[in-house]
Amino acid sequence: MEESLTNTVRDEPVIRQDTTTMETDCPKDEQCPIVPEPDKIPTVPEVAQNQSTLEVPPEADRSDEPDKANGTLSKRQRKKLLKLENWEQRKKEKRLKEKEKMKAKRLEAIQQGLPVRTGPSRKELKRRKVSYAEATIEVAVDLSFDQLMIDKDVAKCVKQLLRMYTLNRRSARPVPLHFVGIEPGGAVERHLARNDGYRHWDVRFSSEHFMQLFKPSRIVYLTSESEHVLERLEEGCVYVIGGLVDHNQHKGHCYQLAQQHGIRHARLPLAEHLVIKTRTILTINQVFEILLNVHMGKEWQQTLLDVLPARKGVTPKTVPVATEHGAKAPESGNAEDCQATAEQSG
């Protein structure tokens with residue numbers, strides 16, 4: 001035991017001497033050729049540092065989460081906002097290019113002696129106003145479904161509203177349009193605001209519920225689940241189309257609303273005039289176009305064939321002889337007792 005301790009003591013000066021010699025012989029220069037050996041045993045501090053690095057996991061990437069303390073946006077939210085701003089800028093540039101392209105086509109048509117337009121001019125359309133006093137029917141779109149639609153479906157809904165407005169504006173016999181139930185600051189209002197000048201449309205916008213705007217006896221809610229079939233458009237009635245684009249996730253929701261409010265409900269006579277092998281769910285603008293054409297005096301069957309897309313593969317069905325305005329002889333009724341039904345876009 002004593003010999004081993006003696007040998008250990010004797011070895012210490014040797015180690016110190018080697019270390020001293022190494023420090024003395026090694027030139028303290030940046031170009032020193034002496035490099036540490038790769039299999040050098042790491043010192044105790046290095047081992048501790050490596051162990052701490054391995055044991056402590058890296059923090060998760062929280063760039064997508066908003067900083068609630070500072071109230072700042074997350075990285076993903078900033079990218080989404082920037083993408084939306086870029087799209088708005090590109091949309092304006094695209095509109096300018098489309099105007100220049102249409103202007104060039106118009107000049108080319110004038111030079112070739114071709115007709116410039118087939119419909120009314122923009123100035124004529126701007127001067128055209130719907131006379132609410134002389135209207136026989138009115139159409140309202142219930143837009144109180146912000147909470148039932150994702151943002152993508154809200155955008156589709158607003159696009160269909162734009163098509164409705166365009167159809168009504170270019171119609172020879174337009175009807176009063178009401179966009180009601182718009183939540184202030186909601187998704188529908190936000191997407192509507194992306195259309196420049198939408199407040200100047202010949203449409204009545206309102207945040208109030210349709211039950212507060214019209215007499216309940218005049219309202220007919222359009223829903224495909226209704227057992228009543230629309231045979232004619234009754235004068236004085238307000239036909240409400242549910243502005244719900246949900247890909248049939250909330251099936252029967254508008255029908256339940258009509259029952260809760262105790263108002264009339266109806267569906268379009270699709271099965272009575274057509275043979276359809278697919279679903280009979282229509283878009284908001286398709287329902288409105290059908291009502292608009294029938295209001296102009298067209299046949300039900302021909303109107304349905306013209307409006308429904310060809311992919312549905314519809315064929316005409318033999319129907320009883322119809323009277324004027326394309327509807328069967330209706331029972332007596334008036335503006336306060338309209339026996340009507342219609343299709344909801346679902």
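Fair warning: this is a prediction, and the values are worked out from it, not measured in the lab.

## Comments concerning the overall build of the protein chain
Here is step 1 of the chain: Looking only at helices and strands, one finds 11 helices and 8 strands in the protein chain.
Here is step 2 of the chain: Each of the 346 residues in the protein chain was classed as buried or not, and the buried ones make up 34%.
Here is step 3 of the chain: The contacts of the protein chain with a sequence gap of at least 6 include a subset with a gap of at least 24, amounting to 78%.
Here is step 4 of the chain: Only carbon and sulfur atoms are counted for the fraction: they give 52% of the accessible area of the protein chain, which is about 23400 Å².

## A closer look at the pattern of salt bridges
Here is step 1 of the chain: Under the defined criterion, the tally for this structure stands at 8 salt bridges.
Here is step 2 of the chain: Residue R218 pairs with E138 through a salt bridge whose shortest N-O separation is 3.1 Å. Of the two residues, R218 sits in the loop between α7 (210–213) and β4 (219–222) while E138 sits in strand β1 (residues 138–142), which places them 80 residues apart along the sequence. Across the pair, E138 and R218 agree in class, each one buried.
Here is step 3 of the chain: Between R199 and E189 there is a salt bridge, with its nearest N and O atoms 3.9 Å apart. Here the residue R199 occupies a position in the loop between α6 (187–192) and β3 (204–205), and E189 occupies one in helix α6, the gap between them amounting to 10 residues.
Here is step 4 of the chain: For R199, a relative accessible area of 51% puts it in the exposed group.
Here is step 5 of the chain: Linked by salt bridges that have partners in common, E88, K91 and R194 make up one network.

## Focus: the pairing of strand β5 (residues 238–242)
Here is step 1 of the chain: For β5, the tally of buried residues reaches 5 of 5 residues, placing the bulk of the element in the interior.
Here is step 2 of the chain: Neither face of β5 is left uncovered, since the one carrying V238, V240 and G242 and the one carrying Y239 and I241 both have all their residues buried.
Here is step 3 of the chain: Relative to β5, β1 runs parallel, the two sharing 5 bridges. Looking across to β5, one finds that E138 is bridged to V238.
Here is step 4 of the chain: In this structure, β4 lies alongside β5, joined through 4 bridges in parallel fashion. What sits directly across from L222, in β5, is I241.

## Here we look at the sheet that holds strand β6 (residues 264–266)
Here is step 1 of the chain: An order of β3-β2-β1-β5-β4-β6 is seen for the 6 strands of this open sheet, with the pairing classed as parallel. Each having just a single partner strand, β3 and β6 make up the two edges of the open sheet.
Here is step 2 of the chain: Alignment of strand β2 (residues 177–180) against β3, held across 2 bridges, turns out to be parallel. Within the sheet, the bridge partner assigned to F179 lies in β3 and is F205.
Here is step 3 of the chain: Helix-sheet contacts for helix α5 (residues 151–170) involve β1 and β2, and the interaxial angle to β2 is about 165 degrees.

## Side note on the packing of aromatic side chains
Here is step 1 of the chain: Per the counting criterion, the structure on display carries 6 aromatic pairs.
Here is step 2 of the chain: Centre to centre, the rings of Y198 and W201 are 6.4 Å apart; their planes meet at 85 degrees, and the pair counts as edge-to-face.
Here is step 3 of the chain: Classification of Y198 as buried rests on a relative accessible area of 9%.
Here is step 4 of the chain: One aromatic cluster is present, built from ring pairs that chain together Y165, F179, Y198, W201 and F205.
Here is step 5 of the chain: A cation over a ring is seen here: R199 above F205, with NZ or CZ 5.4 Å from the ring centre.

## Side note on the environment of F288
Here is step 1 of the chain: The topology assignment puts F288 in helix α10 (residues 284–295).
Here is step 2 of the chain: For F288, a relative accessible area of 0% puts it in the buried group.
Here is step 3 of the chain: The sequence separation of F288 and V139 amounts to 149 residues, and the corresponding C-alpha distance is 7.9 Å.
Here is step 4 of the chain: Beyond its immediate stretch of four places on either side in the chain, F288 contacts V139, M164, L167, N168, V175, L177 and I241.

## Overview of a positive patch on the surface
Here is step 1 of the chain: Positive charge collects at one region of the surface, where K152, K156, K159 and R163 lie side by side.
Here is step 2 of the chain: With respect to the element layout, K152 can be found in helix α5.
Here is step 3 of the chain: You can call K152 exposed: its relative accessible area is 58%.

## Comments concerning the UniProt feature "active site" (unreviewed entry) in the protein chain
Here is step 1 of the chain: In this structure's numbering, the residues bearing the UniProt feature "active site" (unreviewed entry) are D246.
Here is step 2 of the chain: Take D246: it is sitting in the loop between β5 and α8 (253–261).

## Some points on α5
Here is step 1 of the chain: Taking 1.5 Å of rise per residue, the 20 residues of α5 would be expected to cover 28 Å, and the 29 Å separating its terminal C-alpha atoms lies within 8% of that figure.
Here is step 2 of the chain: All of the buried residues in α5 are D153, V154, C157, V158, Q160, L161, M164, Y165 and N168. Burial along α5 is one-sided: seen end-on, the buried residues are contained in an arc of 155 degrees.
Here is step 3 of the chain: Contacts from the buried residues of α5 go to β1, β2, α6 and α10.

The rules we used
Residues numbered from 1 in each chain as written. Predicted model: local features only at pLDDT ≥ 70, side-chain atom pairs only at ≥ 80, totals over all residues. Heavy atoms only, no water. Helix = DSSP H or I, 4+ residues; strand = E, 2+ residues; numbered from the N terminus. Buried < 20%, exposed > 50% of the residue type's maximum accessible area, 1.4 Å probe, protein only. Contact = heavy atoms within 4.5 Å. Areas by Shrake-Rupley, 256 points an atom, 1.4 Å probe, with all protein chains shown as cover. Salt bridge = Lys/Arg side-chain N within 4 Å of Asp/Glu carboxyl O. Pairing = 2+ DSSP bridges. Axes fitted to C-alpha atoms, helices over the stretch in contact; angles between N-to-C directions. Phe/Tyr/Trp six-rings, centres within 6.5 Å; stacked < 30°, edge-to-face > 60°. Lys NZ or Arg CZ within 6 Å of the ring centre and 35° of its normal. Patch = residues over 30% accessible without salt bridge, like charges linked within 9 Å, V, L, I, M, F, W, Y side chains within 5 Å. Lys, Arg positive; Asp, Glu negative; His and termini not counted. Charge placed at Lys NZ, Arg CZ, Asp CG, Glu CD. UniProt positions renumbered as here; feature names shortened; annotations may be inferred. Expected span 1.5 Å × (residues − 1). Arc of directions from axis to C-beta.

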